[in-house]
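Observations on the three-dimensional arrangement
So the chains spell out like this:
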Amino acid sequence: MPIVTVNLMEGRSPEQIENMIAEVSDALVRSLDAPIETVRIMVNEMAPHGFGIAGRPARVVMAEREAAAAQREGNA
């Protein structure tokens, strides 16, 4: 029985998560030749303040990335 745990930061819609569950399930069925009935997907959503990237809070890193992307778009 394939069991997959997916950790995500909050912010995705229920529809996006449901689509991801279906896609990951299909990939397991194809790659492992596992019956779909045996596939289990667990999704853990985390707040950005509960996740770190390179020793820094993810919320800070994400804000910097968004600001840099906005600046690139403004210079394009």
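Considering the pairing of strand 1 (residues 3–9)
Judged from the seven bridges that link them, strand 1 and strand 2 (residues 40–46) form a sheet pairing that is parallel. Looking at strand 2, one finds that Asn7 is bridged to Asn44. Regarding topology, helix 1 (residues 14–32) serves as the crossover connection from strand 1 to the parallel strand 2, and that connection is right-handed.

Looking at the environment of Asp26
Among the secondary structure elements, Asp26 is positioned in helix 1. Classification of Asp26 as partly exposed rests on a relative accessible area of 37%. Spatially, the C-alpha atom of Asp26 lies 7.6 Å from that of Ile36, the residues being 10 residues apart in sequence.

Overview of the nonpolar core
Formed by Val6, Leu8, Ile17, Leu28, Val39 and Ile41, the largest nonpolar core amounts to six residues. For this core, the elements supplying multiple residues, two or more each, are strand 1 and helix 1.

Notes on the side chain of Ser25
With respect to the element layout, Ser25 can be found in helix 1. What Ser25 contacts, discounting residues up to four positions off in sequence, is Ile36, Val39 and Ile41.

Reading guide: rules and limits
- Each chain carries its own residue numbering, running from 1 in the direction its sequence is written.
- Per-residue local features are limited, in this predicted model, to residues with pLDDT of at least 70; the limit for side-chain atom pairs, both in listing and counting, is 80 or more; totals at the level of whole chains, interfaces and linings are taken over all residues.
- For the side-chain quantities, the full set of heavy atoms in the structure was used; hydrogens and water were omitted.
- Two strands are said to pair when DSSP picks up at least two bridges between them.
- Here a helix means four or more residues in a row that DSSP labels H or I, a strand means two or more in a row labelled E, and each is numbered from the N terminus.
- The handedness of a crossover follows from its direction of travel: if, with the strands pointing away from the viewer, the path from the first strand over the helix to the second runs clockwise, the crossover is right-handed.
- Categorising residues by exposure relies on relative accessible area from a 1.4 Å probe, with only protein chains included: less than 20% of the type maximum marks a residue as buried, more than 50% marks it as exposed, and the intermediate range marks it as partly exposed.
- Take the buried Ala, Val, Leu, Ile, Met, Phe, Trp, Tyr and Cys residues and link them wherever side-chain atoms come within 4.5 Å; each set so joined is a nonpolar core.
- The contact criterion used is simple: two residues touch if any of their non-hydrogen atoms lie within 4.5 Å.

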